[in-house]
Amino acid sequence: MLRVATHCPYCALQCGMHLRAVEGSVTVEPRDFPTNRGGLCQKGWTSTDLLDSPDRLRSPLARDHRDAPLRPVSWDEALDRVVAGIRRVQAAGHDRVAVFGGGGLTNEKAYLLGKFARVALRTPNIDYNGRFCMSSAAAAGIRAFGVDRGLPFPLTDIADAETVLLAGSNAAETMPPFMQWIAEQRARGGTLIVIDPRRTPTARAATLHLQVTPGTDLALVNALLHIAISSRRLDADYIDARTTGFDHVRRLVAGYWPERVEAITGITVAEQHAAVDLLAGARTAMVLSARGAEQHANGTDTVSALVNLALALGLPGRPGSGYGCLTGQGNGQGGREHGQKADQLPGYRRIDDPAARAHVAGVWGIDPDDLPGAGRSAYELLDSLGRVDGPRALIVMGSNVAVSAPNVTHVRDRLAALDLLVVSDVVLSETAAVADVVLPATQWAEETGTMTNLEGRVLLREQALDAPPGVRSDLTVLSDLAARLDAPGTWSSDPVEVFDELRRASAGGPADYSGISHERIRDEDGVFWPCPAAEHPGTPRMFLDRFATPDGRARFVAVEHRPAVDDIDAAYPVYLTTGRVLQHYQSGAQTRRVAALREAVPEAFIEMHPDLAEHHDVIEGDVMRVVSRRGEAVGPVRITDTIRADTVFMPFHWGGSGCANLVTSDALDPTSRMPEFKVCAVRLERAS
Ligand code: SF4
């Protein structure tokens with residue numbers, strides 16, 4: 001019998017748990033970890049079910065030609081096919097191969113995948129699905145604070161905030177154990193403001209719910225700052241001492257008077273004043289954003305508006321106060337720090353920084369001139385596949401883009417235009433099902449690796465049981481492929497050795513892990529980055545004295561509201577917004593295969609207000625089509641007055657005809673290249 005302290009395989013809360021393995025069967029037990037204090041959601045409790053799922057891939061698969069079925073092949077044959085395919089397409093240039101990673105990969109895998117792309121393939125074309133998740137908050141955080149760490153303080157600090165503003169987060173469903181910190185904050189007399197077009201379980205827990213028109217968060221937040229300025233609720237000393245650029249922002253938000261913003265957002269003048277009273281009247285306050293505010297073509301600017309508000313009230317860097325982003329994917333934070341993002345090298349270094357290139361090339365044993373430059377962002381990379389000058393081969397690890405990408409019909413067409421699609425996964429996801437070569441991967445409990453949770457706390461997921469025969473860790477696959485491709489340098493597949501190399505590569509960078517080791521994480525139950533030396537205590541709270549900008553000051557950024565790119569009109573008169581349900585995670589490739597979760601929510605649905613349902617002569621359970629300018633998705637109607645009458649909601653966890661991304665917009669944020677998942681124009685039709 002073995003009892004291992006580890007973490008949940010799903011979201012960025014990375015709840016602590018024990019795994020107890022007895023004669024091949026593994027069960028979950030609670031663990032008193034600082035972030036979840038023993039709490040788990042239904043996904044965590046059922047997380048071991050996938051380990052022995054009949055859907056589990058246990059052998060590599062390959063097809064002999066595009067129209068042939070996938071058939072089991074040996075690992076040697078699978079890897080030979082991958083290498084032959086890479087060599088074939090790279091005859092026309094290194095950049096003809098692309099790599100797509102995932103925010104659920106361990107730090108070690110994300111690091112080795114980035115190194116594999118740049119050193120073994122010598123391609124600039126690598127990006128990952130975190131681009132679809134936290135990239136807007138990351139971009140806004142860097143331009144304001146000089147560094148991006150989701151929460152620059154421990155989660156436990158939330159309980160100390162007198163007021164919390166949650167912009168676009170439904171944490172009560174996406175990460176339920178998080179809500180214990182809100183409950184504690186409320187029990188101490190604190191207040192909660194939620195900005196969301198839906199009255200979600202999180203919004204129902206709020207003191208004040210601002211049920212905003214989809215796509216107008218930025219205008220609303222600029223109005224809150226306008227009111228804070230006109231009612232003299234600012235922290236002028238803080239603005240003077242710790243920031244730059246306020247005057248420009250003050251002039252810009254003068255144009256966001258409350259009556260004008262009420263017309264844009266649907267939030268009344270009285271509600272706007274009430275929000276400012278709660279925020280500015282509090283001794284300590286936090287502004288927290290999530291995907292609802294960020295997954296827009298103006299997502300970076302919306303987060304900048306939230307940061308501006310926090311800075312004007314003097315919150316960042318003060319105990320019990322601040323701005324933070326609630327990261328979504330399990331390793332969304334670490335995944336964007338160690339090199340699988342198109343423009344970054346390990347340690348959150350920029351790939352266009354000559355000093356960063358020299359440092360990382362030194363660790364990798366190559367000439368800096370041999371490092372490629374920045375590649376295309378995730379959607380642009382997918383859009384370029386199979387085109388005249390685009391990649392003709394794609395390697396996907398830890399992502400199901402055939403469900404999770406926006407305007408997914410177009411993405412599926414691009415995948416079909418490839419000469420070679422290689423997918424590493426634990427099950428035959430929708431993306432793996434159209435691959436030429438499928439590589440069966442080990443799961444979280446079968447391998448050791450580090451994850452970085454939403455607080456920037458680096459955690460250790462310990463191996464609890466042996467992997468079934470026939471599957472391999474992505475680390476083994478990458479080091480084997482690197483050897484077959486005669487890549488320079490060393491390519492360990494041992495997670496401790498890979499992490500030690502990552503530490504050296506990150507040393508001196510913004511996300512410095514050089515003082516963190518597997519052993520130390522085990523002893524201390526997590527270490528916060530930056531941690532530049534073994535004797536350094538780590539950094540739970542950032543920005544206490546200075547921000548990570550050259551002058552140490554945070555930067556205000558003046559940002560204007562822009563309507564949704566695909567806005568409503570006479571032909572498409574209803575907004576669609578998308579999101580998650582409690583029982584499922586991301587594209588659902590894993591959670592749809594867990595019986596309890598599948599039975600609880602078996603299919604996609606369309607949430608609709610009673611007025612809209614009456615207008616369309618629809619009753620509960622009727623099957624409707626949601627039609628946009630790009631495609632249509634089908635699902636049964638759920639009628640509820642918790643959603644605005646001008647908006648429908650669909651969860652995005654399914655492929656098939658209920659795939660919400662058949663409909664969503666591929667308009668991109670100009671800075672973060674985040675697609676506009678959260679709002680597009682649709683019309684509703686009865687399905688035959
Ligand atoms: Fe796992 Fe997230 Fe649920 Fe915690 S909240 S149990 S990390 S899915």
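Scroll up for the structure.
Residues numbered from 1 in each chain as written. Predicted model: local features only at pLDDT ≥ 70, side-chain atom pairs only at ≥ 80, totals over all residues. Heavy atoms only, no water.

Undergrad: Tell me what's going on with the overall build of the chain, and back it up with residues and numbers.
TA: Assigned secondary structure in the chain consists of 24 helices and 28 strands. The C-alpha radius of gyration computed for the chain amounts to 24 Å, which stays within 12% of the reference 26 Å derived for 688 residues, consistent with globular compactness. Taking the principal axes of its C-alpha atoms as reference, the chain extends roughly 70 × 65 × 55 Å. Pairs at least 24 apart in sequence give 73% of the contacts found in the chain among residues at least 6 apart. With the model as given, the accessible surface of the chain reaches about 22500 Å², and the carbon-plus-sulfur share is 50%. The average position of the 71 basic charges and that of the 86 acidic charges among the side chains of the chain differ by 1 Å. (Helix = DSSP H or I, 4+ residues; strand = E, 2+ residues; numbered from the N terminus. Rg over C-alpha atoms; globule rule 2.2 N^0.38 Å. Contact = heavy atoms within 4.5 Å. Areas by Shrake-Rupley, 256 points an atom, 1.4 Å probe, with all protein chains shown as cover. Lys, Arg positive; Asp, Glu negative; His and termini not counted. Charge placed at Lys NZ, Arg CZ, Asp CG, Glu CD.)

Undergrad: Please set out the site of the ligand residue by residue, giving values where relevant.
TA: Around the ligand, the neighbouring residues are C8, Y10, C11, L13, Q14, C15, L40, C41, K43, G44, M175 and P177. Residues that form the shell around the ligand fall into these classes: nine nonpolar, two polar and one charged. (Near = heavy atom within 4 Å. Nonpolar A, V, L, I, M, F, W, Y, C, P; charged D, E, K, R; others polar.)

Undergrad: I'd like to hear about helix α2 (residues 75-90), residue by residue, with values.
TA: Look at α2: 22 Å from first C-alpha to last across 16 residues, which is about the 22 Å you get at 1.5 Å a residue. Buried within α2 are the following residues: W75, A78, L79, V82, V83, G85, I86, V89 and Q90. Seen along its axis, α2 keeps its buried residues to an arc of 160°; they face one direction. Against the buried residues of α2 lie β6 (97-101), β16 (393-397), β17 (420-425), β18 (437-440) and α20 (474-484). (Expected span 1.5 Å × (residues − 1). Buried < 20%, exposed > 50% of the residue type's maximum accessible area, 1.4 Å probe, protein only. Arc of directions from axis to C-beta.)

Undergrad: Now, about the environment of G456: what can you tell me, with residues and values included?
TA: Mapping G456 onto the fold places it in the loop between β19 (449-452) and β20 (457-461). Here the alpha-carbon distance between G456 and Q333, two residues 123 residues apart in the chain, equals 6.9 Å. If sequence neighbours within four positions are ignored, G456 has contacts with R149, V527, F528 and W529.

Undergrad: Can you break down the packing of helix α8 (residues 217-230) against helix α14 (residues 299-312) residue by residue, with the values?
TA: Their axes nearest at 9 Å, the elements α8 and α14 cross at an angle of 15°. The angle between α8 and α14 falls in the class roughly parallel. α14 is crossed by α8, and the crossing has left-handed handedness. In this structure, α8 uses D217, L218, V221, N222, L224 and L225 to contact α14, whose residues at the interface are D301, T302, A305, L306, N308, L309 and A312. (Axes fitted to C-alpha atoms, helices over the stretch in contact; angles between N-to-C directions. Parallel < 35°, antiparallel > 145°, perpendicular 65-115°, else oblique. Left-handed = near helix turned anticlockwise from the far one by under 90°.)

Undergrad: Break down the layout of surface pockets for me, with residues and values.
TA: If a probe as big as a water molecule is rolled over the atoms, it shows which places are left empty. The volume enclosed by the largest pocket comes to roughly 370 Å³. Lining the largest pocket are 18 residues, with I142, D343, Q344, Y348 and R350 sitting closest to its centre. Looking at the lining of the largest pocket, the element that brings in the most residues is helix α4 (residues 135-145), giving five residues. When its volume is computed, the second largest pocket comes out at roughly 220 Å³. If you trace the second largest pocket, you find 15 residues lining it, with E173, R198, P201, R204 and E607 closest to the centre. (1 Å grid on protein atoms, 1.4 Å probe; cavity = no way out; pocket = protein on both sides within 12 Å on 5 of 7 lines; lining within 4 Å. Points joined across faces, edges and corners; volume = space filled by probe spheres on them.)

Undergrad: Please give an account of the nonpolar core that cites residues and values.
TA: Counting 117 residues, the largest nonpolar core has F116, F145, Y323 and I516 as the members making the most contacts within it. Not counting residues within four places of it along the chain, the set of residues in contact with F145 comprises V307, L311, P316, Y323, F543, F547, A548, T549 and A554. Core analysis: the next-biggest nonpolar cluster, separate from the first, contains 45 residues, A159, L326, A445 and L465 among them. (Core = buried A, V, L, I, M, F, W, Y, C linked by side-chain atoms within 4.5 Å.)

Undergrad: I'd like a rundown of the packing of aromatic side chains, residues and numbers included.
TA: Per the stated rule, a full pass over the model turns up twelve aromatic pairs. Judged by centre distance (5.0 Å) and plane angle (40°), the rings of F543 and F547 are tilted. Residue F543 shares its accessibility class with F547, and that shared class is buried. Members of the aromatic cluster, joined through ring pairs, are F145, Y323, F543 and F547. Its end group placed over the ring of F649, R198 keeps NZ or CZ at 3.5 Å from the ring centre. Cation over ring: R260 sits above W257, and NZ or CZ is 5.8 Å from the ring centre. (Phe/Tyr/Trp six-rings, centres within 6.5 Å; stacked < 30°, edge-to-face > 60°. Lys NZ or Arg CZ within 6 Å of the ring centre and 35° of its normal.)

Undergrad: Go over the sheet that holds strand β1 (residues 2-7), please, and point to the residues and values.
TA: The strand order β1-β2-β3 describes an open sheet built from three strands, whose pairing is antiparallel. Each edge of the open sheet is held by one strand with a lone partner, namely β1 and β3 (25-30). In this sheet, neighbouring strand axes are inclined to one another by 30° on average, regardless of whether the strands run parallel or antiparallel. By the bridge criterion, six bridges tie strand β2 (residues 16-22) to β3 in an arrangement that is antiparallel. Bridged to A21 within β3 is V26. (Pairing = 2+ DSSP bridges.)

Undergrad: Outline the pattern of salt bridges, supporting the account with residue identities and numerical values.
TA: Enumeration over the complete set of coordinates arrives at 51 salt bridges. Between D64 and R81 there is a salt bridge, with its nearest N and O atoms 2.8 Å apart. In this pair, D64 sits in the loop between β4 (61-62) and β5 (71-72) while R81 sits in helix α2, placing the two residues 17 residues apart along the sequence. Looking at D64, the relative accessible area reads 48%, which means it is partly exposed. A salt bridge links R644 to D646; its shortest N-O distance comes to 2.8 Å. Under the relative-accessibility criterion, D646 is labelled partly exposed at 23%. (Salt bridge = Lys/Arg side-chain N within 4 Å of Asp/Glu carboxyl O.)

Undergrad: Help me get a handle on the environment of A12, residues and values and all.
TA: Within the secondary structure, A12 is located in the loop between β1 and β2. Between the alpha carbons of A12 and T174 there is a distance of 9.9 Å; along the sequence they are 162 residues apart.

Undergrad: Could you give me a rundown of the sheet that holds strand β21 (residues 527-528), with the residues and numbers involved?
TA: Taking strand neighbours across the sheet as the criterion, the three strands line up as β19-β20-β21 in an open arrangement whose pairing is antiparallel. Of all the strands in the sheet, the pair left with one neighbour each is β19 and β21. Bridge count for β19 against β20 is four bridges, and the pairing is antiparallel. Residue pairing across strands places M451 opposite L459, the latter belonging to β20. Sheet strands in contact with helix α3 (residues 107-120) are β19 and β20, and its direction is about 95° off that of β19.

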